[in-house]
Amino acid sequence: EAQVTQNPRYLITVTGKKLTVTCSQNMNHEYMSWYRQDPGLGLRQIYYSMNVEVTDKGDVPEGYKVSRKEKRNFPLILESPSPNQTSLYFCASSFAGVPYYGYTFGSGTRLTVV
Amino acid sequence: AQSVSQHNHHVILSEAASLELGCNYSYGGTVNLFWYVQYPGQHLQLLLKYFSGDPLVKGIKGFEAEFIKSKFSFNLRKPSVQWSDTAEYFCAGHSGNTPLVFGKGTRLSVIA
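Residues numbered from 1 in each chain as written. Chains lettered and ligands numbered in written order. Predicted model: local features only at pLDDT ≥ 70, side-chain atom pairs only at ≥ 80, totals over all residues. Heavy atoms only, no water.

Participant: So what exactly am I meant to see when it comes to the nonpolar core here?
Facilitator: One broad rule of soluble globular proteins: the nonpolar side chains tend to lie buried together. Core analysis: the biggest nonpolar cluster contains 28 residues, and Trp35, Leu47, Leu48, Phe74, Leu76 and Tyr89 of chain B have the highest contact counts within it. Contributions of two or more residues to this core are made by strand S2 (10-14), strand S3 (19-21), strand S5 (32-38), strand S6 (44-50), strand S8 (64-68), strand S9 (73-78), strand S10 (87-94) and strand S12 (106-111) of chain B. In this structure Leu47 of chain B touches Trp35, Tyr36, Val37, Gly59, Ile60, Phe63, Leu76 and Tyr89 of chain B, once residues within four positions along its chain are discounted. Membership of the second largest hydrophobic core comes to 19 residues, among which are Val21, Met32, Ile46 and Tyr64 of chain A. (Core = buried A, V, L, I, M, F, W, Y, C linked by side-chain atoms within 4.5 Å. Buried < 20%, exposed > 50% of the residue type's maximum accessible area, 1.4 Å probe, protein only. Helix = DSSP H or I, 4+ residues; strand = E, 2+ residues; numbered from the N terminus. Contact = heavy atoms within 4.5 Å.)

Participant: Hey, could you run me through the interface of chain B and chain A in this one?
Facilitator: Interface size, as often reported, equals the accessible area lost upon joining of the parts. The interface of chain B with chain A comprises 19 residues on the first partner and 20 residues on the second. Of the roughly 1600 Å² buried between chain B and chain A on both sides combined, carbon and sulfur atoms contribute 62%. Applying the counting rule to chain B against chain A returns zero salt bridges. Linking chain B to chain A there are three residue pairs in polar contact (both at pLDDT 80 or more). Secondary structure elements with two or more residues in the side of chain B that touches chain A: S5, S6 and S10 of chain B. Counting residues per element, the side of chain B that touches chain A draws most heavily on S5 of chain B, at four residues. Here the side of chain B that touches chain A is built from residues that sort into nine nonpolar, seven polar and three charged. (Buried area = accessible area lost by both parts, 1.4 Å probe. Salt bridge = Lys/Arg side-chain N within 4 Å of Asp/Glu carboxyl O. Polar contact = N/O pair within 3.5 Å; in protein donor to acceptor, adjacent residues only side chain to side chain. Nonpolar A, V, L, I, M, F, W, Y, C, P; charged D, E, K, R; others polar.)

Participant: I keep staring at the side chain of His29 of chain A and nothing clicks. Help me out?
Facilitator: All names here are of chain A. Along the chain, His29 turns up in the loop between strand S3 (19-25) and strand S4 (31-38). Residue classification places His29 among the buried residues on the basis of a relative accessible area of 5%. Here Ser93 takes part through its side chain, which lies 2.7 Å from a polar atom of the side chain of His29.

Participant: In this structure, what is going on with the pattern of salt bridges? I would like to understand it.
Facilitator: Two side chains of opposite charge can pair, provided their charged atoms sit close to one another. Going through the model one piece at a time under the given rule, you end up with nine salt bridges over all chains. The salt bridge partner of Arg44 of chain A is Asp38 of chain A, with a shortest N-O separation of 2.8 Å. Given the relative accessible area of 24%, Arg44 of chain A is considered partly exposed. A relative accessible area of 11% places Asp38 of chain A in the buried class. For Asp85 of chain B, the salt bridge goes to Lys78 of chain B, with nearest N and O atoms at 2.9 Å. Among the residues examined, Asp85 of chain B registers a relative accessible area of 2% and is labelled buried. A single network of salt bridges, built from pairs that share partners, joins Lys58, Glu64, Glu66 and Arg77 of chain B.

Participant: What should I look at first to understand a nonpolar patch on the surface in this one?
Facilitator: A cluster of nonpolar side chains, contributed by Ile12, Val14 and Val114 of chain A, occupies part of the molecular surface with about 310 Å² of accessible area. Here Val14 of chain A shows up in the loop between strand S2 (10-13) and S3. (Patch = residues over 30% accessible without salt bridge, like charges linked within 9 Å, V, L, I, M, F, W, Y side chains within 5 Å. Areas by Shrake-Rupley, 256 points an atom, 1.4 Å probe, with all protein chains shown as cover.)

Participant: I keep staring at the sheet that holds strand S7 (residues 65-66) of chain A and nothing clicks. Help me out?
Facilitator: Residue and element names in this part refer to chain A. A sheet is described by the order of its strands in space; here four strands give the open sequence S1-S3-S8-S7, paired in antiparallel fashion. Of all strands in the sheet, those bounded by a partner on one side alone are strand S1 (4-7) and S7. Bridge count for S1 against S3 is four bridges, and the pairing is antiparallel. Bridge pairing in S3 places Val4 opposite Gln25. (Pairing = 2+ DSSP bridges.)

In structure tokens form, the structure reads like this:
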């Protein structure tokens, strides 16, 4: 089944403890992206990647890191999480061709930083 | 900067009422437009998309959207909503090689 898989689904952590949220897609998509969703603010893009070893900042990259060493994986790293990073996170992927078909989303990771 | 804006934050309708959710975009040139739906506790799913051609696009679950270039709009419509349409709806736009940009979303509550 074609899908984007995120892990974990739920995570509670303490301030300053490094964590990684994994994202993997099995559709050979070039584009991958991370969003955070907060009430009243909609989806805000954190980082995106156009292909392997190509990443770029989105609208809210502060406090996050990403890497794209393989086409299928795009982990999101929080080196020193803070409570303002408590949010719902979505990974998404798509083909890069024309026309652009839009993203397939993962199921989300609900992160709480205390 | 390219942007997508949704006019309504929260819409409350009775079952069988007609729905129209507004979406405006600020892209120049060729634009691809999308509507996504997020049911409570779930991830975003694609409802419909517009690339070119017929400006009236039909999607899943009886939804449709009309691309009006002169108004930079891509409003979502459904003639008769059901309780199961309660969800958050996101308009999104893309042009050229830019990442997909989302509006802030409209929460739809359908009451019996």
